[in-house]
Amino acid sequence: MNNSILNTKNLSIGYGTDIKGSIFSGINLSFIRGELVALLGKNGIGKSTLLRTLCGLQNPVCGDIIINAHNINSFSRNELAQKISFVSPVAVRINNMKVFDMVLLGRYPYTGWFGHAGTNDNTIAYESLEMAGIANLANRYVNEISDGERQRVIIARAIAQDTEIIIMDEPTAFLDLPNKYQIIKILKNLVETKKKFILFSTHDLNIALQTVSKILIMSQGKILEGAPEDLILNHAINNLLSGSDLSFNYNTGDINMHSASSESKLISIAGEGIELFWTIKALEREGFTVECDKSHPSCILIEKNNGAPVWICQNNNQRQMFNNIYDLIHYINLNYSD
């Protein structure tokens, strides 16, 4: 592609120079500007090794890494630091350093032998804080802010490094749900406004499916790639979950856990609207197979009582009314009969 920015050719990753010692071989990838890509795979398969190798932090066993049509080996360490920035999964906890100074460290490839930051470097550091949404933290100490804020500081430092390529190893690990999505929002903004290429590893399948333009899956000696929807349709997502008690539901986009019981439990339901949708989800979570009719001996009716939803459970001529799904499910689990 004309806008290709990073490529690999017959890349093998691992330790040493003996191909027998590689943990993953035959990697041929091509990435373009303005793209957010997620890397998925089971623990120990080599995700971190691949990311570190692409950054030049670890030598490949063999093969080539091409950046803007130039082999990675043709760049000096300082030149490479102006091409690629890397965000490590290791938590940064530094005493007596202010947030602004931490972000300013991202300018080290440009500050010369003595490391003196100029006016332009300070401007870029502050703009990076703004892009990460933490300009208000500039004068706070790094060890005094939350994990989510600290992760944004590290991303701001990578932004300040002003590279076309940003590679991140699990940038949302250990963060709460709002902070996970806030980090991804920052990354998407960088891709869309600055045309960066960003590759990050994650174990959060839902975030990857909802937010990225391409997914890479490291699996069984090969890397599968494509739009999230491509990997759903060709069953690569379910292959990622193989060997576990999880499966991907192609109709709903949910990840389901298999019931501990192999017994099939059929139940009928009748209703409409959002209450019907979430009642079905609750029943499926409890291992029921749901049919939307009234023919089965165990049937749930969703009705309105003065505008509020009520759940009526009919079970072998018994009729019980509930005001919430929790009580309904508890009753059904205790009294279900087919």
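A brief structural summary. (Residues numbered from 1 in each chain as written. Predicted model: local features only at pLDDT ≥ 70, side-chain atom pairs only at ≥ 80, totals over all residues. Heavy atoms only, no water.)

## Some details on the overall build of the protein
Check the secondary structure of the protein and you find 11 helices and 18 strands. Expressed along its principal axes, the backbone C-alpha trace of the protein runs to roughly 85 × 50 × 35 Å. Relative to its full complement of 338 residues, the protein shows a buried share of 47%. Considering only contacts in the protein between residues 6 or more positions apart, those separated by 24 or more positions represent 61%. Approximately 17,600 Å² of the protein is accessible, and the part contributed by carbon and sulfur atoms is 49%. The positive charge centre, built from 29 side chains, and the negative charge centre, built from 33, are 6 Å apart in the protein. (Helix = DSSP H or I, 4+ residues; strand = E, 2+ residues; numbered from the N terminus. Buried < 20%, exposed > 50% of the residue type's maximum accessible area, 1.4 Å probe, protein only. Contact = heavy atoms within 4.5 Å. Areas by Shrake-Rupley, 256 points an atom, 1.4 Å probe, with all protein chains shown as cover. Lys, Arg positive; Asp, Glu negative; His and termini not counted. Charge placed at Lys NZ, Arg CZ, Asp CG, Glu CD.)

## Describing the nonpolar core
In terms of nonpolar packing, the biggest core is built from 51 residues, with L187 and I215 touching the most fellow members. The leading source of residues in this core is helix 5 (residues 147-160), at seven residues. Those residues in contact with I215 that lie beyond four places of it in its chain are A38, L40, A208, L209, L224, E225, G226, P228 and L231. With 28 residues, the next largest nonpolar core counts L39, L50, L51 and M218 among its residues. (Core = buried A, V, L, I, M, F, W, Y, C linked by side-chain atoms within 4.5 Å.)

## Details of the layout of surface pockets
Computed from the structure, the largest pocket encloses a volume of approximately 600 Å³. Together, 30 residues line the largest pocket, and F86, V87, S88, I154 and R157 are the ones closest to its centre. Listed by contribution, the elements that provide at least two residues to the lining of the largest pocket are helix 2 (77-81), strand 7 (84-87) and helix 5. Taken together, the residues that form the lining of the largest pocket break down as 19 nonpolar, five polar and six charged. (1 Å grid on protein atoms, 1.4 Å probe; cavity = no way out; pocket = protein on both sides within 12 Å on 5 of 7 lines; lining within 4 Å. Points joined across faces, edges and corners; volume = space filled by probe spheres on them. Nonpolar A, V, L, I, M, F, W, Y, C, P; charged D, E, K, R; others polar.)

## Some thoughts on empty space enclosed by the protein
Counted under the stated rule, the structure contains one cavity of 30 Å³ or more. In this model, the largest cavity occupies a volume close to 30 Å³. Breaking the lining of the largest cavity down by element, the ones donating at least two residues are strand 17 (308-315) and helix 11 (325-335). Per-class residue counts for the lining of the largest cavity are four nonpolar, three polar and no charged.

## Some thoughts on the packing of helix 10 (residues 273-285) against helix 11
Following both chains from N to C, one finds helix 10 and helix 11 inclined at 40°, their axes separated by 11 Å at the closest point. Of the possible angle classes, the one that applies to helix 10 and helix 11 is oblique. Once helix 10 is placed against helix 11, the crossing between them reads as right-handed. Across the interface between the two elements, W278, T279, A282 and L283 from helix 10 touch I325, L328, I329 and I332 from helix 11. Taken together, the residues of the contact of helix 10 with helix 11 break down into seven nonpolar, one polar and no charged. (Axes fitted to C-alpha atoms, helices over the stretch in contact; angles between N-to-C directions. Parallel < 35°, antiparallel > 145°, perpendicular 65-115°, else oblique. Left-handed = near helix turned anticlockwise from the far one by under 90°.)

## A short note on the pairing of strand 17
Here strand 16 (residues 298-305) runs beside strand 17; their pairing, made up of eight bridges, is antiparallel. Its bridge partner being in strand 17, E303 is matched across the sheet by V310. A loop of two residues connects strand 16 with strand 17, the two strands running antiparallel in sequence, and N306 in this loop sits at a positive phi of about 55°. As judged from the five bridges shared by strand 17 and strand 18 (residues 318-322), these two strands associate in the antiparallel manner. Within strand 18, the position partnered with N315 by the bridge is Q318. Counting the residues in the hairpin turn of strand 17 and strand 18 gives two residues, including N316, whose phi is positive at 50°. (Pairing = 2+ DSSP bridges.)

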